[in-house]
Amino acid sequence: MSPASLRLPRLALLAGAALAGLCAAPLAAASSVRTVPGMPPVVNPANLYSEAGAGHLAAAVAGDPARIYVPNLRGDSVSVIDPATYKVVDTFKVGQSPQHVVPSWDLRTLWVTNNAEGHTDGSLTPIDPRTGKPGAAIAVDDPYNMYFTPDGRQAIVVAETHARLDFRDPHTMALESSLQVPGCKGINHADFSIDGRYAIFTCEFDGRLAKIDMVHRKVLGYLQLDRHGMPQDIRVSPDGKVFYVADMMADGVFLVDGASFARVGFIRTGVGTHGLYPSRDATKLYVANRGSNKIHGPRHGKGSVSVIDFATRKVVANWPIPGGGSPDMGNVSADGRTLWLSGRFDDVVYAIDTATGKVRKIRVGAEPHGLAVWPQPGRYSLGHTGIMR
């Protein structure tokens, strides 16, 4: 055998070892976060949103048309917007008082949470994201909001009126168990720890938070933010250490250490702070300020969007809605270039350029609420309007 031929296997081995090292790097990083069984591994412990970056679309959503699904709370309907044309291309009836459009853990269904405010005939309407069409509604008690356990085995229906979390089959929505959270009046929005072991829920009418053990399904405790406050959306920082909590009475965002469950800071943003959405590169947090401290605010309020830098925890931009408005809930486009938000009191949807803050408005139904952008990047959804990881 010639010297050259002897070198070839050695070169192949070295190349293979180098390639193996490159492939093993993410696994090594993931191993530093011990997740709950069944939860996909954390690829980058410094950025739990790494797999929800621009263009990281899963195979499961390939072929799903790009659409914005807008639940119209007082219209008992969903408006569908084509983001390429900024036009409403469909509107269909759903159950009573639709609150949010929630992507399922497996990315194959969008669920409309119809909580039938003041009534007992709540329901969930499935939407097939391949066709954009709704299916038959499923009767469910008081589904104000919905999340999914980090392992994807159960849906968590937030029964706001009853201060209760209902754990259901994620496909049939059959009830499997319930957890009472008696100290959380107006239980509402949530986000999960980086390892999936606990979640923190906001208690809208108590001015506090509830920490829930997701493994043993029990309440770990409550944290009072402000007795006169009204916490809304909540989102964890990219490194999983700090939870950002929007408070519409405080006109800003509370910072809460997740491990110690203690308040560690506050960032003032704008009037009626409400929705929180990370940028696709996970460097910024978009904060929707609804423009009013009232649950039913006026049209053309002092609505704006503030941009918080995750690294410095400071507001680096503030974009007022031209002519006033009421930006509420939504999410960021798959490419990260557009922030889509409902205009809750103005019956419009805002498409906001994330580079300039320029706003386009699209007329929809009565009182649009938790709209969903679809498809979104990510391996799985933890619920709400798309907590993607």
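Above this text you will find the structure in question.
How each quantity is defined
- Residues numbered from 1 in each chain as written.
- Predicted model: local features only at pLDDT ≥ 70, side-chain atom pairs only at ≥ 80, totals over all residues.
- Heavy atoms only, no water.
- Pairing = 2+ DSSP bridges.
- Helix = DSSP H or I, 4+ residues; strand = E, 2+ residues; numbered from the N terminus.
- Axes fitted to C-alpha atoms, helices over the stretch in contact; angles between N-to-C directions.
- Disulfide = S-S within 2.5 Å.
- Salt bridge = Lys/Arg side-chain N within 4 Å of Asp/Glu carboxyl O.
- Core = buried A, V, L, I, M, F, W, Y, C linked by side-chain atoms within 4.5 Å.
- Buried < 20%, exposed > 50% of the residue type's maximum accessible area, 1.4 Å probe, protein only.
- Phe/Tyr/Trp six-rings, centres within 6.5 Å; stacked < 30°, edge-to-face > 60°.
- Contact = heavy atoms within 4.5 Å.
- Polar contact = N/O pair within 3.5 Å; in protein donor to acceptor, adjacent residues only side chain to side chain.

J.: Let's hear about the sheet that holds strand 14 (residues 198-203): which residues, and what values?
T.: Spatially, the 4 strands line up as an open sheet ordered 13-14-15-16, and their pairing is antiparallel. Of all the strands in the sheet, just strand 13 (187-192) and strand 16 (218-224) have a single pairing partner and so form its edges. For this sheet the average axis-to-axis angle between neighbouring strands, irrespective of direction, equals 25°. Bridge analysis of strand 15 (residues 208-213) against strand 16 gives 6 bridges, and the strand direction is antiparallel. The residue of strand 16 that forms the bridge with Ile-212 is Val-219.

J.: Go over the state of the cysteines with me, naming the residues and quoting the values.
T.: Applying the stated criterion across every chain yields a total of 1 disulfide. Across a sulfur-sulfur distance of 2.0 Å, Cys-184 and Cys-203 are joined as a disulfide pair. Disulfide Cys-184-Cys-203: the torsion about the S-S bond is -105°, which places it as left-handed. With Cys-184 in the loop between strand 12 (175-180) and strand 13 and Cys-203 in strand 14, this residue pair connects regions lying 19 residues apart in the sequence.

J.: Lay out the pattern of salt bridges in plain terms, naming residues and giving numbers.
T.: Using the criterion set out here, one finds 16 salt bridges in the structure. Connected via shared salt-bridge partners are Arg-74, Arg-290, Asp-328, Arg-344 and Glu-367.

J.: I'd like to hear about the nonpolar core, residue by residue, with values.
T.: If you look at the biggest cluster of nonpolar residues, it comprises 41 residues, and the most contacted ones within it are Tyr-147, Leu-165, Val-181, Phe-201, Leu-209, Ile-212 and Val-256. Going through the elements one at a time, strand 10 (155-159), strand 11 (164-168), strand 13, strand 14, strand 15, strand 17 (231-236), strand 18 (242-247) and strand 19 (252-257) are the ones with two or more residues in this core.

J.: Before we move on, can you summarise the packing of aromatic side chains with the specific residues and values?
T.: In the structure shown here, the tally under the stated rule is 8 aromatic pairs. Ring centres of Tyr-244 and Phe-310 lie 5.4 Å apart, and the angle between their planes is 85°; this geometry places the pair in the edge-to-face category. With Tyr-244 in strand 18 and Phe-310 in the loop between strand 23 (304-309) and strand 24 (314-320), this pair connects stretches of sequence that are 66 residues apart. Across this residue pair, the class does not change: Tyr-244 and Phe-310 are buried.

J.: I'd like to hear about the environment of Asp-169, residue by residue, with values.
T.: Positionally, Asp-169 belongs in the loop between strand 11 and strand 12. Taking C-alpha positions, Asp-169 is 38 Å from Ser-304, a pair spaced 135 residues apart along the chain. The residues contacting Asp-169, other than those within four sequence positions of it, are Ala-174 and Glu-176. Among the polar contacts made by the side chain of Asp-169, one reaches the main-chain amide nitrogen of His-171 at a distance of 2.8 Å.

J.: With reference to specific residues and values, describe the side chain of Glu-367.
T.: Note that Glu-367 resides in the loop between strand 28 (359-363) and strand 29 (372-374). Residue contacts for Glu-367: discarding those within four places in its chain leaves Pro-71, Asn-72, Leu-73, Arg-74, His-296, Arg-344 and Asp-347.

J.: Which residues make up the sheet that holds strand 9 (residues 145-148), and what are the values?
T.: Strands sit in the order 9-10-11-12 across an open sheet of 4 strands; the sheet is antiparallel. Whereas interior strands pair on both sides, the edge strands pair on one side only; in this sheet they are strand 9 and strand 12. When the angles between neighbouring strand axes are averaged without regard to direction, this sheet yields 25°. Pairing between strand 10 and strand 11: 5 bridges, direction antiparallel.

J.: I'd like to hear about the environment of Ile-138, residue by residue, with values.
T.: Its place among the elements puts Ile-138 in strand 8 (residues 138-139). Separated by 54 residues in sequence, Ile-138 and Phe-192 place their C-alpha atoms 26 Å apart. Other than its neighbours up to four places away in sequence, Ile-138 contacts Trp-111, Gly-122, Ser-123, Leu-124, His-171, Thr-172 and Met-173.

J.: Just give me the short version of the side chain of Asp-64, but keep the residues and values in it.
T.: Take Asp-64: it is sitting in the loop between helix 1 (3-30) and strand 1 (67-72). Polar side-chain contacts of Asp-64 include one of 3.2 Å to the side chain of Arg-108. A distance of 3.1 Å separates polar atoms of two side chains, one belonging to Asp-64 and the other to Trp-374. If near-sequence neighbours (up to four positions away) are discounted, Asp-64 is found in contact with Arg-108, Pro-129, Arg-130, Trp-374 and Pro-375.

J.: An account of unusual backbone geometry is needed here, citing residue identities and associated values.
T.: Look at the link from Trp-374 to Pro-375: it is a cis peptide, with omega at -5°. Along the chain, Pro-375 falls in the segment after strand 29. Backbone geometry at His-300 places phi at a positive 55°, although glycine is not the residue there.

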